[in-house]
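Coordinate analysis (summary)
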Amino acid sequence: VDFHNSNANRFLQIVGVRTEPSPSELAVELSIKNTAETYVSRVGYSSYLQLLRYIAVEWDRVDRKAKSNFGKSKCFLGVKESLVEEKGDQNEDGVLDEGKDDALEEFELAYAQDCFIVDSAIFRRLFNPLCVPMETQIEKMYSSLGSQKTASEN
């Protein structure tokens, strides 16, 4: 809260009002049934991913009870690839060129343990599991809450 008035802002600070919720408070709020779903429907997956990113970056500051509740909730983004086949076009000779397969990412809310940390594009394309968004901090947070990493060959 900012009243653009230094006296009012100073008073709010003295009584404990902060400019934003703590990572623990966000985790607790998102773990309440339907909160994540409602938030996603209002602001979209991209903004929700930013919120998860903030919690992941501050994960060490989230208290144990909040982590426990958060981890048991269906409030994590899982990513799946959805193939979209583009129809081919006729070339100059009248021959139909083959279309391309492009992958679109689709997001869904899931439990952390239902999402996989996948580091192989081949595995991802072949099996198309529900994946953790490919960001180091988010992967660490999901892993601490039960997401499994798929084995890769080196």
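Structure first, text after, so check above.
Residues numbered from 1 in each chain as written. Predicted model: local features only at pLDDT ≥ 70, side-chain atom pairs only at ≥ 80, totals over all residues. Heavy atoms only, no water.

**Description of the side chain of Ser-147**
Rule in force here: A helix here means a DSSP run of H or I that spans at least four residues, while a strand means a run of E at least two residues long, and both kinds are numbered starting from the N terminus. Polar contact criterion, stated in full: a pair of N or O atoms within 3.5 Å, where within protein one must be able to donate a hydrogen and the other to accept it, and residues adjacent in sequence count only if both atoms are side-chain atoms. In what follows, residue pairs with any heavy atoms lying within 4.5 Å of each other are defined as contacts.
Inspection of the secondary structure assignment puts Ser-147 in the loop between helix 7 (136-144) and strand 4 (148-149). Reaching out from Ser-147, the side chain makes a polar contact with the backbone oxygen of Ala-112 at a distance of 2.5 Å. With near-sequence residues (within four places) excluded, Ser-147 lies in contact with Ala-112, Gln-113, Cys-115, Ile-117, Val-132 and Tyr-142.

**With respect to the state of the cysteines**
Inclusion rule: When the sulfur atoms of two cysteines come within 2.5 Å, that pair is taken as a disulfide. Type-normalised accessible area, obtained with a 1.4 Å probe on protein chains alone, sets the label of each residue: buried when under 20%, exposed when over 50%, and partly exposed for intermediate values.
Under the defined criterion, the tally for this structure stands at 0 disulfides. Cys-115 carries a free sulfur, and the closest cysteine sulfur to it, the one in Cys-131, is 8.2 Å from it. Of the residues examined, Cys-115 reaches a relative accessible area of 0% and is grouped as buried. Looking at Cys-131, the relative accessible area reads 1%, which means it is buried.

**Regarding helix 3 (residues 35-43)**
Where we set the bar: Picture the helix axis, draw a direction to every C-beta atom, and the arc is the one those directions span.
When helix 3 is considered as a whole, its buried residues turn out to be Thr-35, Ala-36 and Val-40. With its buried residues spanning 130° around the axis, helix 3 presents them on a single face. Exposed and facing more than 90 degrees away from the buried side of helix 3 are Glu-37, Ser-41 and Arg-42. Within two residues after helix 3, Gly-44 carries a phi angle of roughly 95°, on the positive side.

**Regarding a nonpolar patch on the surface**
Applicable threshold: The patches reported here contain residues having more than 30% relative accessible area and no salt bridge. Joining distances are 9 Å for like charges and 5 Å for nonpolar side chains (Val, Leu, Ile, Met, Phe, Trp, Tyr). Values of accessible area rely on a 1.4 Å probe in the Shrake-Rupley scheme; residue burial ignores everything except the protein chains shown. When a carboxyl oxygen of Asp or Glu lies within 4 Å of a side-chain nitrogen of Lys or Arg, that pair is called a salt bridge.
A cluster of nonpolar side chains, contributed by Phe-11, Ile-14, Val-15 and Val-17, occupies part of the molecular surface with about 400 Å² of accessible area. Tracing the backbone shows Phe-11 in helix 1 (residues 6-14). When its relative accessible area of 52% is taken as the criterion, Phe-11 is described as exposed.

**Re the pattern of salt bridges**
According to the stated counting rule, one finds 5 salt bridges in the structure shown. Counted as one network, the salt bridges with shared partners bring together Glu-81, Glu-105, Arg-124 and Arg-125.

**Quick look at the nonpolar core**
Soluble globular proteins tend to bury their nonpolar side chains together. Cut-off, in case you're wondering: As used in this record, nonpolar core signifies buried Ala, Val, Leu, Ile, Met, Phe, Trp, Tyr and Cys residues forming a set joined through side-chain atoms within 4.5 Å.
Among the nonpolar cores identified, the biggest contains 29 residues, and Tyr-48, Ile-55, Phe-70, Phe-76, Met-141 and Tyr-142 are the most heavily contacted of them. Of all the secondary-structure elements, those providing two or more residues to this core are helix 2 (23-31), helix 3, helix 4 (45-57), helix 5 (64-71), strand 1 (76-85), strand 2 (101-110) and helix 7. No other element matches helix 4, which puts 6 residues into this core. Those residues within four positions of Phe-76 in sequence are excluded, and the remaining contacts are Leu-52, Phe-70, Gly-71, Glu-108, Leu-109, Ala-110, Tyr-111, Ala-112, Met-141, Tyr-142 and Leu-145.

**Quick look at unusual backbone geometry**
Positive phi, normally seen in glycine, also occurs at Asn-34, with a value near 70°. The topology assignment puts Asn-34 in the loop between helix 2 and helix 3. By relative accessible area, Asn-34 is classed as partly exposed at 44%. Phi is positive for Asn-128, which is not a glycine, with a value near 45°. Given a relative accessible area of 23%, Asn-128 falls into the partly exposed group.

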